[in-house]
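Given next are the chains, with one letter for each unit.
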Amino acid sequence: MLYRENGQFKTTYAADQQIFPIAQDRWTILGILLIAFIAIPLLVDEYLFRAILIPFLILSLAAIGVNILVGYCGQITLGAGAFMAVGAYAAYNFHIRIEGLPLLVSILLGGLTSALVGIVFGIPSLRVRGLYLAVATLAAQFFTDWVFLRIPWFTDNSSSGSVSVSNLQVMGWQIDNPVSKYLFCLIFLTIFALLAKNMTRCAIGRQWMAIRDMDVAAEVIGIRPLFAKLSAFAVSSFFVGTAGALWGFIHLASWEPAAFSVDRSFQLLFMVIIGGLGTIMGSLFGAAFIVVLPIVLNQFLPALGGVFGIKISTAGVSHAELIIFGGLIVFFLIKEPHGIARLWSTGKEKLRLWPFPH
Amino acid sequence: MNHQIGDVILDLKNVSLAFGGVKALTDISFDVREHEIRAIIGPNGAGKSSMLNVINGVYRPQQGEIILRGEHFARMNPYKAAKAGISRTFQNIALFKGMNVIDNMMTGRNLKIRSNLIQQAFWWGPARREELAHRAKVEEVIDFLEIQHIRKTPVGRLPYGLQKRVDLGRALAMEPSILLLDEPMAGMNVEEKQDMCRFILDINDQFGTTIVLIEHDMAVVMDISDRVVVLDYGKKIGDGNPDEVRASPEVISAYLGVSH
Amino acid sequence: MGFFLETLIGGLMAGMLYSLVALGFVLIYKASGVFNFAQGSMVLFAALAMARFAEWLPHWLGLDSLWLANTIAFVIAGALMFVVAWLIERLVLRYLVNQEGATLLMATLGIAYVLEGIGTSLFGNNIYSIDVGMPKEPVFILDGLFEGGLLINKEDFIAALIAALLVGLLALFFQKTTTGRALRAVADDHQAAQSIGIPLNRIWVIIWFVAGLVALVAGVIWGSKLGVQFSLVTVALRGLPVVILGGLTSIPGAIIGGLIIGVGEKLSEVYLGPMIGGGIEIWFAYQLALVFLLFRPQGLFGEKIIDRV
Ligand SMILES: Nc1ncnc2c1ncn2[C@@H]1O[C@H](COP(=O)(O)OP(=O)(O)OP(=O)(O)O)[C@@H](O)[C@H]1O
Ligand SMILES: [Mg+2]
């Protein structure tokens, strides 16, 4: 099928303001959803669910959240891990303290709690910008690290903050095997991605982007930085917190604060930068890249060493992984600072013009 | 439509502004009448842009007050100014680089948006209807400024002259009652300047918008403005209709004398 | 009173080390607009090189003077830091000129991973010791003034002294030498500096090298106190609050900021820690810096800037 937008005339603004104004895009998305919801659960084996697909879905959700704050609103954060932690532990507390609270509600309340904390830690953004803000968000990271490690109330008095959940179900649907976990996360991601897309194409999204691009001009138009920035912090933290709750409840089932360390924060930031700042699609690309890369390297390096007759030790592999990972990040930033999403859209552009390049 | 020049709508009293040791404005007073085109002229660094920034609250003057439709403000802030119907363009184009033309202009509708975040997230009825209504309004401005062909272009890719036009479009999308223009024709060629002049006159004429204009091109200023304020080194050295200003010896020596 | 003073002095001494780390950030930020998250990895890399060469050299060369082995190891580690600086400029920085702050920050995180990977592959990832003959025993000072005197850790004292010396030298270097002035010109305006013929690329190599040396000294000091191990990378995270407190571009800011954070941390640990559970020093510094920023967003010595429009 050719990728063409000619002939698809829009006669109303409503038609022009659809999420995917081009028909071929709509079909592609529909196809992807069908594959994701039907084909994959039937075909894929357990290892892939556990090692790649579930982490990918959850981290994509978190990356969308980070992208809302960093990519759309222009506020750099190095504390995303903290909001995952808040989401996970808050959901945990709702789950164990309120008898019979449905799982879905616990998870969403985890997200909401994270949104509130996000607003508090977003306050510095009203006074400082850029890299100063980035460092300020580390305050959130180290503070929550400490809280969940040292204050036993939050972790049901368990030692060193390690907690676990079991026997999860939603309205009678047992979420215990990889396929059900995968589907549960997929539903979350699909709905949240849609919400994010809607927000970013509406007034609130334009407010965020205006603040990002030129905050003085935004103010002059009547955008209140207070509302725009704090709403971005809140929405972002809601997404990230929900992802945190899923990560704890669904992916790990038992976890401790280290699951949401500053490394996690960096990882999420990598995802949105490599995927593409300011695009929802890019968040997914970035998450896929970061989730898959270490696994590929892990499989590939010993094999490569074998070809040259070198036996690479486990430690050697993990060092090489670090080097290659770091190198790839730098390479990416140099070659395509706008991320995978940009490659994707230039690809589409080419396809649209094909076979006449100009 | 014909809008008669009316009463004083905006009155500045003894405004002084300094940045550290630099006195950008010293004890400036002048007024703007409803529906008029009021020009501010002066050599580089005279404090013209600072004046506009004081009017809509981007800079906070140390002294003086602003009286807008009879209401006194010791300090304006940008939000209050926007609420009161003041919009503006910028000397160094301040468009939102990451967005296309339509989105830039849609931001101008921001104060008129009523739907909330949740409704927008769900693309709920009110949010959707509102979005479409504002889009229609923005399209009117697009037609008015004759920029239909670039509506989906990211503003960063536009040539300078068109960027200035989009900047004006964003300000117009607010449906302002007072429009502040900071050198809207700087860096344009003759043809673009003529277009811009036409737009300014049309805006003033059709919508009755009061316009405060900074411009270096004397011919244009003398041509289209009703009254002119002259600043030099942060001080007011002339105020009156174009002919008076042109005849003032002080102005000639300080400003016209320099450029000729 | 004596105890309070002891805590205070301890804080000031620790603070001097923070200043040193913060200085590494400030130098690079001033000269290249890069917020260098790899600073911690540079500390680790330099310290590893120093520790391992000091250990290997006596075997290779049959040296038996610890002092000589340490000196040569220090020189080699310094030379390595030069190579690192040169490679970073060659392979990364020159391709990323004029990119946004966030992109540059990410790039330095990438560099950090590479450095950590290479460092641990070359030098191993166990705990190594650096023995530069720092005295370990505590001493009493001012026992004339206070009953029993003040208990001071000699090692901390010497470390603080070295840090202070280096900081002072660097400040002098920036104020007095031609290269230093050129560096400051670059910091103020890249394009202008380029147009008057200051070779940007060379300046970057120099500045990253200087930051590398600062990292080396910090690594040696910390390494001899705590052992050289992977957790040295977190040393940089301790320097960050100092940087936002003092301002990213201010050398005096880094110095005073370091002292404030050092003292604040020690006092809070001693007086506040027991009340709320201990281990608070890692976030306390950040909150301190944050609260400070809310009142003075431009930092300690930054000028208030009003955006021009
Ligand atoms: N944000 C600011 N911070 C510091 N100084 C400023 C700022 N804005 C303006 N100034 C100073 O105030 C004085 C007046 O500047 P202003 O921009 O108002 O002049 P102008 O008349 O608009 O000049 P031009 O014709 O060049 O646009 C100048 O000396 C300028 O350097
Ligand atoms: Mg001006």
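Residues numbered from 1 in each chain as written. Chains lettered and ligands numbered in written order. Predicted model: local features only at pLDDT ≥ 70, side-chain atom pairs only at ≥ 80, totals over all residues. Heavy atoms only, no water.

1. What about the overall build of chain A?
Part 1 of the argument: Broken down by element type, chain A carries 14 helices and four strands.
Part 2 of the argument: Taking 21 Å as the expected radius of gyration for a compact globule of 358 residues, we find that chain A reaches 21 Å, a close match to that expectation.
Part 3 of the argument: Structurally, chain A occupies a C-alpha span of about 65 × 65 × 45 Å along its principal axes.
Part 4 of the argument: Once local pairs closer than 6 in sequence are excluded, the contacts in chain A between residues at least 24 apart make up 75%.
Part 5 of the argument: Accessible area of chain A: about 15,200 Å², with a carbon and sulfur share of 68%.
Part 6 of the argument: Within chain A, one finds 22 positive and 17 negative side-chain charges whose respective centroids are separated by 7 Å. (Helix = DSSP H or I, 4+ residues; strand = E, 2+ residues; numbered from the N terminus. Rg over C-alpha atoms; globule rule 2.2 N^0.38 Å. Contact = heavy atoms within 4.5 Å. Areas by Shrake-Rupley, 256 points an atom, 1.4 Å probe, with all protein chains shown as cover. Lys, Arg positive; Asp, Glu negative; His and termini not counted. Charge placed at Lys NZ, Arg CZ, Asp CG, Glu CD.)

2. Here we look at the nonpolar core
In summary, soluble globular proteins display a tendency toward joint burial of nonpolar side chains.
Part 1 of the argument: Of all hydrophobic cores here, the largest spans 259 residues; its most connected members are A:Tyr182, A:Trp208, A:Phe239, A:Trp255, A:Leu269 and C:Phe37.
Part 2 of the argument: Broken down by element, this core gets its largest block of residues, 17 residues, from helix H3 (residues 46–72) of chain A.
Part 3 of the argument: Counting only domains with at least three residues in this core, you end up with domain 1 (1–85 + 176–260) and domain 2 (95–175) of chain B.
Part 4 of the argument: If sequence neighbours within four positions are ignored, A:Phe239 has contacts with A:Leu61, A:Ile64, A:Gly65, A:Ile68, A:Phe192, A:Ala196 and A:Met199.
Part 5 of the argument: Core analysis: the next-biggest nonpolar cluster, separate from the first, contains 34 residues, B:Ile93, B:Met106, B:Val155 and B:Ile224 among them. (Core = buried A, V, L, I, M, F, W, Y, C linked by side-chain atoms within 4.5 Å. Buried < 20%, exposed > 50% of the residue type's maximum accessible area, 1.4 Å probe, protein only. Domains from an automatic or database assignment.)

3. Some points on the coordination of the magnesium ion (ligand 2)
Tetrahedral coordination by four donors places them ideally at 109.5 degrees to one another around the metal; octahedral coordination by six donors ideally gives 90 or 180 degrees.
Part 1 of the argument: Protein-derived coordination of the magnesium ion (ligand 2) comes from B:Ser49 (OG) and B:Gln91 (OE1), at a distance range of 1.9 to 2.1 Å. Pair noted here: B:Ser49 is in helix H1 (residues 48–55) and B:Gln91 is in the loop between strand S6 (86–88) and helix H3 (101–107), with a separation of 42 residues, a long-range link. (Donors = N, O, S within 2.8 Å, 3.2 Å for Na, K, Ca; no water.)

4. Description of the pairing of strand S4 (residues 63–68) of chain B
All names here are of chain B.
Part 1 of the argument: The sheet contact formed by strand S1 (residues 8–19) and S4 spans five bridges and is antiparallel. The partner of Leu 10 across the bridge, within S4, is Leu 68.
Part 2 of the argument: Here S4 folds back onto strand S5 (residues 71–73) in antiparallel fashion, the turn holding two residues, of which Arg 69 has a positive phi close to 45°. (Pairing = 2+ DSSP bridges.)

5. Quick look at the domain arrangement of chain B
All names here are of chain B.
Part 1 of the argument: For chain B, the domain assignment lists domain 1 (1–85 + 176–260) and domain 2 (95–175).
Part 2 of the argument: Relative to domain 2, the C-alpha centre of domain 1 lies at a distance of 26 Å.
Part 3 of the argument: Counting residues at the interface gives 22 residues for domain 1 and 13 residues for domain 2.
Part 4 of the argument: Across the interface of domain 1 and domain 2, roughly 1,400 Å² is buried in total on both sides, 73% from carbon and sulfur atoms.
Part 5 of the argument: Taken together, domain 1 and domain 2 are joined by two salt bridges.
Part 6 of the argument: Linking domain 1 to domain 2 there are three residue pairs in polar contact (both at pLDDT 80 or more). (Buried area = accessible area lost by both parts, 1.4 Å probe. Salt bridge = Lys/Arg side-chain N within 4 Å of Asp/Glu carboxyl O. Polar contact = N/O pair within 3.5 Å; in protein donor to acceptor, adjacent residues only side chain to side chain.)

6. Thoughts on a nonpolar patch on the surface
Part 1 of the argument: Taken together, the side chains of A:Val292, A:Val296, A:Phe300, A:Leu304, A:Val307, A:Phe308 and A:Ile310 present a nonpolar region at the surface, about 670 Å² in accessible area.
Part 2 of the argument: Residue position: A:Val296 is located in helix H12 (residues 280–307). (Patch = residues over 30% accessible without salt bridge, like charges linked within 9 Å, V, L, I, M, F, W, Y side chains within 5 Å.)

7. So, the pairing of strand S9 (residues 227–232) of chain B
All names here are of chain B.
Part 1 of the argument: For S9, the tally of buried residues reaches six of six residues, placing the bulk of the element in the interior.
Part 2 of the argument: Pairing geometry for strand S3 (residues 37–41) and S9, over four bridges, is parallel. Bridge assignment links Ala 39 to a residue of S9, and that residue is Val 228.
Part 3 of the argument: Pairing of S9 with strand S10 (residues 235–240) involves five bridges; the strand directions are antiparallel.

8. Quick notes on the interface of chain C and chain B
Part 1 of the argument: Contact with chain C, which involves four residues of that partner, is made by seven residues of chain B.
Part 2 of the argument: Between chain C and chain B, a total of about 400 Å² is buried, with carbon and sulfur atoms accounting for 68% of that surface.
Part 3 of the argument: At the junction of chain C with chain B, the criterion picks out zero salt bridges.
Part 4 of the argument: Here chain C and chain B share zero residue pairs in polar contact (both at pLDDT 80 or more) between them.
Part 5 of the argument: Class assignment of the residues belonging to the side of chain C that touches chain B gives a composition of two nonpolar, no polar and two charged. (Nonpolar A, V, L, I, M, F, W, Y, C, P; charged D, E, K, R; others polar.)

9. Points about the packing of aromatic side chains
Part 1 of the argument: On inspection of all chains with the given rule, the structure shows 40 aromatic pairs over all chains.
Part 2 of the argument: Measuring from ring centre to ring centre gives 5.6 Å for C:Phe53 and C:Trp56, while their planes differ by 85°; the resulting arrangement is edge-to-face. Here C:Phe53 and its partner C:Trp56 are both found in helix H2 (residues 39–61), three residues apart, which amounts to about one turn of the helix.
Part 3 of the argument: The exposure class assigned to C:Phe53 is buried, which follows from its relative accessible area of 12%.
Part 4 of the argument: Through pairs of rings, three or more aromatic residues link up here, namely A:Tyr89, A:Tyr92, A:Phe148, A:Trp153, A:Phe154, A:Phe249 and A:Trp255. (Phe/Tyr/Trp six-rings, centres within 6.5 Å; stacked < 30°, edge-to-face > 60°.)

10. A word on the interface of chain A and chain C
Part 1 of the argument: The interface of chain A with chain C comprises 33 residues on the first partner and 47 residues on the second.
Part 2 of the argument: Interface of chain A and chain C: buried area, both sides summed, is about 3,800 Å²; carbon and sulfur atoms make up 79% of it.
Part 3 of the argument: Connecting chain A to chain C are three residue pairs in polar contact (both at pLDDT 80 or more).
Part 4 of the argument: Taken together, the elements giving at least two residues each to the side of chain A that touches chain C come down to helix H6 (130–150), helix H11 (262–275) and helix H13 (314–335) of chain A.

11. Quick word on the pattern of salt bridges
All names here are of chain A.
Part 1 of the argument: By the definition in use, this model includes 26 salt bridges over all chains.
Part 2 of the argument: One salt bridge connects Arg 212 with Asp 213, and the closest N-O pair in it is separated by 2.9 Å.
Part 3 of the argument: Accessibility expressed as a relative area gives 15% for Asp 213, which makes it buried.

12. Overview of the site of ligand 1
All names here are of chain B.
Part 1 of the argument: Taken together, 18 residues are adjacent to ligand 1, and Gly 45, Lys 48, Ser 49, Ser 50 and Gln 91 come closest.
Part 2 of the argument: Contact between ligand 1 and Gly 47: an oxygen atom at 2.9 Å from a main-chain N or O atom of the residue.
Part 3 of the argument: Within the side chain of Gln 91, a nitrogen or oxygen atom sits 2.7 Å from an oxygen atom of ligand 1.
Part 4 of the argument: A total of 630 Å² of accessible area belongs to ligand 1 in isolation, and the protein chains cover 79% of it.
Part 5 of the argument: The element that contributes the greatest number of residues to the shell around ligand 1 is H1, accounting for three residues.
Part 6 of the argument: Taken together, the residues of the shell around ligand 1 sort by class into seven nonpolar, seven polar and four charged. (Near = heavy atom within 4 Å.)

13. Some thoughts on the environment of C:Ala164
Part 1 of the argument: Positionally, C:Ala164 belongs in helix H5 (residues 154–176).
Part 2 of the argument: Relative accessible area serves as the criterion here: at 33%, C:Ala164 is assigned to the partly exposed category.

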